[in-house]
Number of protein chains: 2
Amino acid sequence: MKIGDIAKRTGLKVETVRFYEGEGLIAAPRRSGGNYRLYDESHLDRLTFIKRSRDLGFTLDQVRDLLRLADDPRGSCDAVDEMAVLHIAEIDHKLAGLQTLREEIVKWGRCDATTIAECRLIDALSSRLP
Amino acid sequence: MKIGDIAKRTGLKVETVRFYEGEGLIAAPRRSGGNYRLYDESHLDRLTFIKRSRDLGFTLDQVRDLLRLADDPRGSCDAVDEMAVLHIAEIDHKLAGLQTLREEIVKWGRCDATTIAECRLIDALSSRLP
DNA sequence: CTTGACCCTCTAGTGACATGAGGGTGCATA
DNA sequence: TATGCACCCTCATGTCACTAGAGGGTCAAG
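A quick note: this is a predicted structure, and the numbers were derived from the prediction, not measured. (Residues numbered from 1 in each chain as written. Chains lettered and ligands numbered in written order. Predicted model: local features only at pLDDT ≥ 70, side-chain atom pairs only at ≥ 80, totals over all residues. Heavy atoms only, no water.)

J.: Is there a simple way to think about the domain arrangement of chain A in this case?
T.: By convention, interface size is frequently given as the accessible area that disappears when the constituent parts associate. Residue and element names in this part refer to chain A. By the assigned domains, chain A splits into domain 1 (1-75) and domain 2 (80-130). Taking only C-alpha atoms into account, the centre of domain 1 sits 36 Å from that of domain 2. The partner domain 2 presents four residues to the seven residues of domain 1 that form the contact. Taken together, the two surfaces of domain 1 and domain 2 that pack against each other cover about 490 Å², and 73% of this comes from carbon and sulfur. The largest per-residue losses of area from domain 1 upon contact with domain 2 belong to Phe-58, Gln-62 and Leu-69, which jointly make up 61% of the total buried on that side. Linking domain 1 to domain 2 there are one residue pair in polar contact (both at pLDDT 80 or more). Split into classes, the residues belonging to the side of domain 1 that touches domain 2 amount to four nonpolar, two polar and one charged. (Domains from an automatic or database assignment. Contact = heavy atoms within 4.5 Å. Buried area = accessible area lost by both parts, 1.4 Å probe. Polar contact = N/O pair within 3.5 Å; in protein donor to acceptor, adjacent residues only side chain to side chain. Nonpolar A, V, L, I, M, F, W, Y, C, P; charged D, E, K, R; others polar.)

J.: It is not clear to me how the protein's contact with DNA strand C should be interpreted in this structure. Could you clarify?
T.: For DNA strand C, the set of nearby residues contains 18 residues, the closest of which are Tyr-20 and Tyr-36 of chain A together with Gly-4, Arg-18 and Arg-37 of chain B. Sugar and phosphate atoms constitute 78% of the interface atoms of DNA strand C, taking the interface as everything within 4 Å of the protein. The side chain of Arg-31 of chain B places a nitrogen or oxygen atom 3.0 Å from a phosphate oxygen of DNA strand C. Of all the elements in the fold, those that place two or more residues in the surface near DNA strand C are helix 2 (14-22) of chain A together with helix 1 (3-10) of chain B. With four residues, the single largest contributor to the surface near DNA strand C is helix 2 of chain A. (Near = heavy atom within 4 Å. Helix = DSSP H or I, 4+ residues; strand = E, 2+ residues; numbered from the N terminus.)

J.: For this particular structure, what's the right way to read the interface of chain A and chain B?
T.: Contacts between chain A and chain B engage 55 residues on the former and 56 residues on the latter. Buried surface at the junction of chain A and chain B, summed over both partners, amounts to about 4,900 Å²; 68% is from carbon and sulfur atoms. In this assembly, chain A and chain B are joined by zero salt bridges. At the surface where chain A touches chain B, the tally comes to zero residue pairs in polar contact (both at pLDDT 80 or more). Listing elements by their share of the side of chain A that touches chain B, those giving two or more residues are helix 1 (3-10), helix 3 (41-55), helix 4 (60-70), helix 5 (78-107) and helix 6 (120-126) of chain A. Here the side of chain A that touches chain B is built from residues that sort into 28 nonpolar, twelve polar and 15 charged. (Salt bridge = Lys/Arg side-chain N within 4 Å of Asp/Glu carboxyl O.)

J.: Is there a simple way to explain the side chain of His-87 of chain B in this structure?
T.: Relative to the assigned elements, His-87 of chain B resides in helix 5 (residues 78-107). Setting aside residues up to four positions removed in sequence, His-87 of chain B forms contacts with Leu-101 and Ile-105 of chain A together with Leu-56, Gly-57, Phe-58 and Gln-62 of chain B.

J.: I keep staring at the relation of the copies chain A and chain B and nothing clicks. Help me out?
T.: The operation linking the two copies of the chain is a rotation about an axis combined with a translation along the axis. Between the two copies, chain A and chain B, the superposition gives an RMSD of 0.3 Å; the rotation angle is 180° and the shift along the axis is 0.1 Å. Classification of the inter-copy transformation places it as that of a two-fold axis. The rotation axis passes nearest to the C-alpha of Leu-95 of chain A in chain A, at a distance of 3.3 Å. A share of 100% of interface residues in chain A that are also interface residues in chain B marks the association as one of identical surfaces. (Least-squares fit on C-alpha atoms with pLDDT ≥ 70 in both.)

J.: Is there a simple way to think about the protein's contact with DNA strand D in this case?
T.: By nearness alone, 17 residues border DNA strand D, and Gly-4 and Arg-18 of chain A together with Tyr-20, Tyr-36 and Arg-54 of chain B come closest of all. A distance of 2.6 Å separates a phosphate oxygen of DNA strand D from a polar atom in the backbone of Gly-4 of chain A. Within the contact set of DNA strand D, a phosphate oxygen lies 3.2 Å away from a backbone nitrogen or oxygen of Leu-60 of chain B. Put simply, the parts of the chain that give the surface near DNA strand D at least two residues each are helix 1 of chain A together with helix 2 (14-22) of chain B. The element contributing the most residues to the surface near DNA strand D is helix 2 of chain B, with three residues. The residue makeup of the surface near DNA strand D, split by class, is six nonpolar, five polar and six charged.

Given below as structure tokens:
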């Protein structure tokens, strides 16, 4: 598999795959005569793991941790569990923040004024902080 | 007002205030004999506006637009309105994404396995993409 | 007169890539 | 054989919105 193929199969961009290699998240693959990267199924598995973890919102550092844990089949599952729980807490925090924010904006309602001078949105933004 | 005072009153960090000046979001204030920045109420207003906009999730470029609009009291309010609507749409998109993500993680349930080899979380992450 | 809180400029780092320059490879078609 | 085209390579730099640090200066209180 060339880098374009594996990118397509994982849903990553070509540049991102190279970036992950530079970051040490995946091993450098062998090269073709023309110096092209050649990947096999093990790379596909690893990149899939990374892609899914990233899609779930884990940072690259967290992905590094998950990979280390996943690489030891006899290790304990507890650490993974803990990461998931913490991650959910973070997501809930973000959800709450976005909800509040949405309500804030909706609260302005549609601005029926015609000029900026009477615009409620601009008004709300201009008001001094409490 | 010195930079520390205005930072406290706006809820911004000192470095952020200087950063906004460098970015041209606020005018450079006059200086004291000792080369300290000295701010007045107009700076306070503008920084408050920026801070509130940022808290609501607008990017600095959007803040720039909002400032330009706010600076013309006779201008039309429509553009501001449109930005708010677009912004809400973006927020809804993010909310939906986070919800899905949360469900994904919760779906794994608590991992009652003891070793990584049986861990459902690791399993879910390893599975090939559809 | 010294201490400590505050201020200054300038540079570099963060996360997770994206973009572009300037070139090489490999295969099909004219 | 030449040529076009899609794909690949490395290396450098840009993105966003700050944040941190080095190395210094200012100012009021005790």
